[in-house]
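A structural walkthrough
Residues per chain are reported as follows:
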Amino acid sequence: MTDSVSSGVRFGRIAAMLPVADMARACEFYVSALGFQKTFENGTPVGFMILKRDAAELHLTLQPDHRAASFNVAHMMVEDIDAVHAIVRARGLRIVKGLRDKDYGLRAFVFEDPDGNRIDVGEPLQRA
């Protein structure tokens, strides 16, 4: 017996949902530092927000008692990873894994956002 979905099913986008203890602080970081745009918010106070930039989409959900996980919760593919790394460092955020070229074809690093969410950032290595 197999539990599989029919081949006619198609999936659309999947967006990372990040829990945040302080919605304003999280929004400020992703908008001001990383250039996302707020496209939706809900609640008073705001308890849910959608941020977009290029093909990327993040959903923020207010969780006042949020405690960050000890594992990566999102992976971002970017162009110009060195610029993203510089922004994260300039903001004084914790770098969990330093910027390195990986044997699986990515230049990558992991940082913690202002709520401690671990974000894995990668850029494909250019092959000569």
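We now turn to the structure provided with this report. (Residues numbered from 1 in each chain as written. Predicted model: local features only at pLDDT ≥ 70, side-chain atom pairs only at ≥ 80, totals over all residues. Heavy atoms only, no water.)

**Quick word on the side chain of Asp 120**
Stated formally: Per the convention used, a helix needs a DSSP run of H or I reaching at least four residues, while a strand needs a run of E reaching at least two, with both numbered from the N terminus. Classification of residues uses two cut-offs on accessible area relative to the type maximum, computed with a 1.4 Å probe and protein chains only: under 20% is buried, over 50% is exposed, and between them is partly exposed. By the counting rule applied here, Lys and Arg register as positive and Asp and Glu as negative, while His and the ends of each chain are not counted. Salt-bridge detection follows one rule: a side-chain nitrogen of Lys or Arg within 4 Å of a carboxyl oxygen of Asp or Glu. Every residue pair with non-hydrogen atoms within 4.5 Å of one another is taken to be in contact.
Within the secondary structure layout, Asp 120 lies in strand E8 (residues 118-124). Salt bridges are absent for the buried Asp 120, whose nearest opposite-charge side chain, Lys 97, sits at 7.2 Å. Excluding its chain neighbours within four sequence positions, the residues that come into contact with Asp 120 are Asn 72, Ala 74, His 75, Met 76, Ala 108, Phe 109 and Val 110.

**Notes on the side chain of Asp 115**
Cut-off, in case you're wondering: The term polar contact refers here to a pair of N or O atoms within 3.5 Å; inside protein, the definition further demands a hydrogen-donor-capable atom paired with an acceptor-capable atom, and it admits residues adjacent in sequence only when both atoms are side-chain atoms.
Take Asp 115: it is sitting in the loop between strand E7 (106-112) and E8. Take Asp 115: its relative accessible area is 9%, and that puts it in the buried class. Within polar-contact distance, the side chain of Asp 115 engages the side chain of Arg 25 at 2.7 Å. Discounting chain neighbours no more than four positions away, the residues touching Asp 115 are Pro 19, Val 20, Ala 21, Asp 22, Arg 25, Ala 26, His 66 and Ala 68.

**A word on the packing of aromatic side chains**
Here is the rule: Put simply, two rings from Phe, Tyr or Trp (the six-membered ring, in Trp's case) pair if the centres are within 6.5 Å, and we call them stacked under 30 degrees between planes, edge-to-face over 60, tilted for the rest.
On inspection of all chains with the given rule, the structure shows five aromatic pairs. What links up through ring pairs into an aromatic cluster is the set Phe 29, Tyr 30, Phe 36, Phe 109 and Phe 111.

**Topic: helix H2 (residues 81-90)**
For clarity, the cut-off: As used here, the arc belongs to the directions running from the helix axis to the C-beta atoms.
Among the residues making up H2, those that are buried are Ile 81, Val 84, His 85 and Val 88. When H2 is viewed along its axis, its buried side chains cluster within an angular range of 100° and face the same direction. Where H2 ends, the next residue or the one after it, Gly 92, has phi of about 75°, a positive value.

**Quick word on the environment of Ala 83**
Locating Ala 83 in the fold gives a position in helix H2. A residue is classified by how much of its surface remains accessible, and Ala 83, at 32% relative accessible area, is partly exposed. For the pair Ala 83 and Phe 40, spaced 43 residues apart in the sequence, the C-alpha separation amounts to 27 Å.

**Digging into the pattern of salt bridges**
For side chains bearing opposite charge, pairing can occur when the charged atoms are close. Summed over the entire model, instances satisfying the criterion amount to ten salt bridges. Close ionic contact of Asp 54 with Arg 53 constitutes a salt bridge, the shortest N to O distance being 3.4 Å. Accessibility expressed as a relative area gives 73% for Asp 54, which makes it exposed. Residue Arg 53 is classed as partly exposed on the basis of its relative accessible area of 40%. Sharing partners across several salt bridges, the network here consists of Arg 13, Lys 52 and Glu 57.

**With respect to the nonpolar core**
As a reminder of what qualifies: In this description, a nonpolar core means a group of buried Ala, Val, Leu, Ile, Met, Phe, Trp, Tyr and Cys residues linked to one another through side-chain atoms lying within 4.5 Å.
Residues Tyr 30, Leu 60, Phe 109, Phe 111, Ile 119 and Val 121 are the most contacted members of the largest nonpolar core, which totals 27 residues. Contributions of two or more residues to this core are made by strand E1 (16-20), helix H1 (23-33), strand E3 (48-53), strand E4 (56-62), strand E5 (72-77), H2, E7 and E8. At six residues, the largest contribution of residues to this core is made by H1. Excluding anything up to four places from it in sequence, Ile 119 contacts Leu 18, Tyr 30, Val 73, Ala 74, Met 76, Phe 109, Val 110 and Phe 111.

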